[in-house]
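So you can see what is in the structure, the chains are spelled out below.
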Amino acid sequence: MTAIDIARARRETPGSGLVLHFNNAGSSLPPTSVVDAQIAYLQREAVFGGYETAAEYADQVERVYTSAAALVNADPDEIAIIENATRAWDMAFYSIAFKPGDRILTAMAEYASNYIPYLQVAKRTGAVIDVVPNDEHGQVSVAALRDMLDERVKLIAITHVPTNGGLVNPAAEIGAVAREAGVLYLLDACQSVGQMPIDVRAIGCDMLSTTGRKYLRGPRGTGFLYVRRDVVPTLEPIMLDLHAAQWTARDSYTIREDARRFENWETNYAAKVGLGVAIDYALNWGLDAIWERVSLLAARLRSRLAEIPGVTLTDLGSTKCGIVTFTVAGHAAGDLRDAFAERRIHVTHTRTPSTRLDMEARGLTEMVRASVHYYNDEEEVEQFCTALEHIIRSTH
Ligand SMILES: Cc1ncc(COP(=O)(O)O)c(C=O)c1O
């Protein structure tokens, strides 16, 4: 594994140096190649036509599937490119036929956009939601999960890297339990893909969703879904169109055999091409190298923040990732975010409604979320902490 050439990574990131971007888990700064690919596509579309440009780029568009598959160790026919992680996840989740009494096992730090669908589906079908408790590290307890299994469990659905904290849930250990029990396993990998190596075979998930704009540094409005080849035919997509299925006779249709049955026909081709470039760019650096760098920078940020009086780190898990969360005594997270923004420092603040179960269990209502990526540097960590010290001093 070669270490990341930070100077090159920064040169290839037009925004680095202009802003201090610790909002990579919100939407990362894209590299030049991703932006250029989209602009070139749009310019071609403008003079040549949308359908004609799509035909011209057909091979490149097809390669996006190969790249996405390579990124997660899947095969291209197991990939659907979808406009965001939420819809990718929805297409998998809502396509599962739940019956009254079926159980959905999920995690404490589950994301609102997943939990709301559980509630809706539970209301509609009589399925039941059961939340797996955390272990002593604050991550999904694999032992508790194993104990909760019975023949009524229809789905295990877990967020790999939750919104609010450094936590990396033990996806592969959960996968081993799911495989042993023969239960469907849906992994929300929205915040892990692009920051760490992801291998769907090693994880043992049946379905995995992710987004383009976060750690992959791709365009907004892009994402993809992986569905294991032998699971694809068992899931009838909740919605169909003439891309997902064929109208074969007046009264019949045939659904595609590959994972593209979860897509729909119209799409943003420029963004799709940009997503492919972003994935190739990440693969070029190497996910092991990216993960090593992200972990190192985040650890540095955590240890530096821990030295600042009034700061409490709120990250959980035995393995922590590039998302660093904290609270500051006497300072609202939203005010801190705004004060950072005035200094061209980008963070977000995360609040109870995003991950209600976890936040309530911890007695938290909000936290500041600073998310680092490999192109950030040690100097930025220092600048960030110095800025926080100033903000704390100047607003007391
Ligand atoms: C854990 C998790 N899942 C899903 C999503 C939704 O991703 P998208 O906005 O691409 O639909 C997010 C976004 O913040 C997230 O944090």
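Reading the values: the criteria
Residues numbered from 1 in each chain as written. Predicted model: local features only at pLDDT ≥ 70, side-chain atom pairs only at ≥ 80, totals over all residues. Helix = DSSP H or I, 4+ residues; strand = E, 2+ residues; numbered from the N terminus. Expected span 1.5 Å × (residues − 1). Buried ≥ 20, exposed ≤ 12 C-beta atoms within 10 Å, placed from the backbone. Contact = placed C-beta atoms within 7 Å. Near = placed C-beta within 6 Å. Nonpolar A, V, L, I, M, F, W, Y, C, P; charged D, E, K, R; others polar. Pairing = 2+ DSSP bridges. Axes fitted to C-alpha atoms, helices over the stretch in contact; angles between N-to-C directions.

(A) Expanded view of helix α12 (residues 287-306). Under the 1.5 Å per step criterion, the end-to-end length of α12 is 28 Å for 20 residues, consistent within 8% with the ideal 28 Å. Of the positions making up α12, those classed as buried are L287, I290, W291, R293, V294, S295, L297, A298, L301 and L305. Of the surrounding elements, those touching the buried residues of α12 are α11 (269-285), β11 (311-313), β12 (323-328), β15 (366-371) and α15 (378-394).

(B) Highlighting the site of the ligand. The environment of the ligand is made up of 13 residues, and the closest members are N84, A85, T86, C190 and T211. Residue composition of the shell around the ligand, by class: 4 nonpolar, 8 polar and 1 charged.

(C) The arrangement of the sheet that holds strand β8 (residues 223-227) in detail. Sheet architecture is open: 7 strands sit in the order β2-β8-β7-β6-β5-β3-β4, paired in mixed fashion. Strands at the two margins of the open sheet, each flanked by one partner only, are β2 (79-82) and β4 (128-132). The average undirected angle you get between the axes of adjacent strands in this sheet is 20°. One ladder, built from 5 bridges, connects strand β7 (residues 207-211) with β8; its direction is antiparallel. Considered in β8, the bridge of M207 is made with V227. Against the sheet, helix α5 (residues 58-72) makes contact with β2, β7 and β8, and its axis sits at roughly 115° relative to β2, the strand it touches most.

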